[in-house]
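What follows is each chain in one-letter form.
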Amino acid sequence: MRKFIGIASAVTALAVSLVACGSPGTETTTGAAAKSPAAEVLKVGASPVPHAQILKFVKDKLAAKEGLNLEIVEFTDYVQPNVQLSEGRLGANFFQHKPYLDDFNASKGTKLTFLQPVHLEPLGLYSKKITDIGKLAQNATVAVPNDATNLGRALKLLADNGLITLKAGVGTSATERDVTANPKGLKFQPLEAAQLPRSLEDVDAAVINGNYALEAGLKPAENALILEKAEGNPYVNGLVVAAGHEQDPQVVKLAKLLAGPEVKQFIEQTYKGAVIPAN
């Protein structure tokens, strides 16, 4: 009997030793494991295109030399990335512009900070009838997005290029009521953003979001008569973190890389003007 007790004790000791050393398939938060690089992973939530693609470029090509341990989590909605960031399940996210973030913080009571601008998905004016903005006819019909955010952006784009004049100070919150001068007598036809590319057969021109332009086979840098500029644009998408985490080492490293020349070149070469670097 004493012999069997000795064997059982040896087996128990071996099991304890394996757990303490972190045997395969066993998670442990003590000893060396607590200090392993895995504990310093920066988990970033992102929309698949172009955000996750940009992050994947950073992860594959740039992160290692900066000591950045990056994990990308893709989301197809605009709520969970902020919810999970606020709850601490993410270290950062990359999918939104500041006006959306400000509204989310106000409505949900979250405290998230827009840290680093990265890119703009620009609105552009397209036409199948003209190739130069100066040839837009008198009383031409221009299709515009019918949602409030993009309608304001569309009208500002037209105003920035001298086609209309808007009431002072309205900026991207403009509506048709804020048009103070319309020398060409342009007629605006509001449509759902996704329908705008198809409207080109029926209208003189249409203001189309970058993602829908791409889906329709349009090349913003080549086909758009005019395009939004990234500089000073409030709808630039960027890196967001929970307030108080702006100086976390991994966050600082990612922000630096996203603002760097390699990411700028990747965006320019990959998206051909459909996505514009903010830096």
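Preceding this paragraph is the structure being described.
Computed from a predicted structure; not experimentally measured.

We now examine the overall build of the protein. Broken down by element type, the protein carries ten helices and 13 strands. A separation of at least 24 residues holds for 72% of the contacts in the protein among residues at least 6 apart in sequence. Total accessible area on the protein stands at roughly 15,000 Å², and carbon and sulfur atoms take up 53% of it.

Taken in spatial order, the five strands line up as β9-β6-β10-β5-β11 in an open sheet, and their pairing is mixed. Edge strands, defined here as strands with exactly one partner in the open sheet, are β9 (187-191) and β11 (226-227). In this structure, strand β5 (residues 124-126) lies alongside β11, joined through two bridges in antiparallel fashion. What sits directly across from Leu125, in β11, is Ile226. Its contacts with the sheet place helix α5 (residues 148-160) against β5, β6 (141-145), β9, β10 (205-208) and β11, and it is angled at close to 140° to β6.

Okay, the environment of Asp202 next. Summarising the element assignment, Asp202 is placed in the loop between α6 (196-199) and β10. Expressed as a C-alpha distance, the spacing of Asp202 and Lys128, which sit 74 residues apart in the sequence, is 9.4 Å.

With that settled, consider unusual backbone geometry. Here Val49 and Pro50 are connected by a cis peptide whose omega angle stands at -5°. Tracing the sequence through the fold places Pro50 in helix α2 (residues 48-66). For Asn139, which is not glycine, the phi dihedral falls at a positive 65°. Along the chain, Asn139 falls in the loop between β5 and β6. Phi angles above zero are rare outside glycine, and Lys272 is one such case at about 50°. Here Lys272 lies in the loop between α10 (261-271) and β13 (276-277). With a relative accessible area of 53%, Lys272 lands in the exposed category.

Bringing empty space enclosed by the protein into the picture now. In this approach, a probe sized like a water molecule rolls over the atoms, and the result shows the empty space that is left. One pass over the full model with this rule turns up one cavity of 30 Å³ or more. What the largest cavity holds in volume is close to 40 Å³. In terms of residue count, the dominant contributor to the lining of the largest cavity is α10 (three residues).

Let us now look at α10. Given 3.6 residues per helical turn, the α-helix brings residues three or four places apart onto the same face. Within α10 the residues assigned to the buried category are Val263, Phe266, Ile267 and Tyr271. Taken around the axis of α10, the buried residues stretch over an arc of 95°, which confines them to a single face. Elements in contact with the buried residues of α10: α2, β4 (112-120), α9 (249-258) and β13. Lys272 lies just past α10 and shows a positive phi near 50°.

This next bit is on the environment of Ala259. Counting through the fold element by element, Ala259 comes out in the loop between α9 and α10. A C-alpha to C-alpha distance of 9.9 Å links Ala259 and Gly238, two positions 21 residues apart in sequence. Setting aside residues no more than four positions away along its own chain, Ala259 makes contact with Gln116 and Asn279.

Scoring rules and cut-offs
- Residues numbered from 1 in each chain as written.
- Predicted model: local features only at pLDDT ≥ 70, side-chain atom pairs only at ≥ 80, totals over all residues.
- Heavy atoms only, no water.
- Helix = DSSP H or I, 4+ residues; strand = E, 2+ residues; numbered from the N terminus.
- Contact = heavy atoms within 4.5 Å.
- Areas by Shrake-Rupley, 256 points an atom, 1.4 Å probe, with all protein chains shown as cover.
- Pairing = 2+ DSSP bridges.
- Axes fitted to C-alpha atoms, helices over the stretch in contact; angles between N-to-C directions.
- Buried < 20%, exposed > 50% of the residue type's maximum accessible area, 1.4 Å probe, protein only.
- 1 Å grid on protein atoms, 1.4 Å probe; cavity = no way out; pocket = protein on both sides within 12 Å on 5 of 7 lines; lining within 4 Å.
- Points joined across faces, edges and corners; volume = space filled by probe spheres on them.
- Arc of directions from axis to C-beta.

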